[in-house]
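Below are the chains, spelled out letter by letter.
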Amino acid sequence: MDIRIGIANSPRELNFESSQSPAEIEAVVAAALSDGGTHVSLNDNKGKLYVVPVASLSYVEIGSEESRRVGFVG
């Protein structure tokens with residue numbers, strides 16, 4: 001699952017792949033936003049932990065698990 005997180009006042013975004021399902025990721029983000037949480041914590045496929053302050057979140061984009069095509073499509 002491809003995850004992109006936009007950070008307020010930053011030209012860059014976090015982009016990583018996670019083995020968590022879209023529902024799990026959505027639940028973590030929604031819980032942090034609705035319960036007055038201070039941060040969102042997500043893990044990537046390589047074991048890294050990303051901790052983002054809720055106040056800095058601009059957006060969270062949850063991509064699909066579709067495999068990427070290589071070559072020409074025509």
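Calculation notes
Residues numbered from 1 in each chain as written. Predicted model: local features only at pLDDT ≥ 70, side-chain atom pairs only at ≥ 80, totals over all residues. Heavy atoms only, no water. Pairing = 2+ DSSP bridges. Helix = DSSP H or I, 4+ residues; strand = E, 2+ residues; numbered from the N terminus. Axes fitted to C-alpha atoms, helices over the stretch in contact; angles between N-to-C directions. Contact = heavy atoms within 4.5 Å. Buried < 20%, exposed > 50% of the residue type's maximum accessible area, 1.4 Å probe, protein only. Expected span 1.5 Å × (residues − 1). Arc of directions from axis to C-beta.

Caption draft 1: Expanded view of the sheet that holds strand S2 (residues 13-17). Taking strand neighbours across the sheet as the criterion, the three strands line up as S2-S1-S5 in an open arrangement whose pairing is antiparallel. In this open sheet, the two strands that pair with only one neighbour each are S2 and strand S5 (57-62). Each strand of the sheet is rotated relative to its neighbour by a mean of 15 degrees, with strand direction disregarded. Where strand S1 (residues 2-7) and S2 come together, five bridges link them in antiparallel fashion. Looking at S2, one finds that Gly6 is bridged to Glu13. Lying on the sheet, helix H1 (residues 22-34) is in contact with S1 and S5; it crosses S5 at an angle near 165 degrees.

Caption draft 2: How the structure looks around the environment of Val60. Its location among the elements puts Val60 in strand S5. Overall, the relative accessible area of 27% leaves Val60 in the partly exposed class. Remark: the alpha-carbon pair of Val60 and Asn15, spanning 45 residues in sequence, is separated by 10.0 Å. Non-local contacts of Val60, meaning those with residues more than four positions away in its chain, are made with Arg4, Ile5 and Val29.

Caption draft 3: Looking closely at H1. With 13 residues, H1 extends 18 Å from end C-alpha to end C-alpha; this agrees with the ideal 18 Å at 1.5 Å per step. Every buried residue of H1 is listed here: Ile25, Val29 and Ala32. Relative to the axis of H1, the buried residues are bounded by an arc of 65 degrees and lie together on one face. In H1, those exposed residues whose orientation departs by more than 90 degrees from the buried face are Ala23, Glu26 and Ser34. Those residues of H1 hidden inside the fold are in contact with S1, strand S3 (39-43) and S5. Remark: Gly36 follows H1 within two positions and exhibits a positive phi of approximately 75 degrees.

Just distances and angles here, no functional claims.
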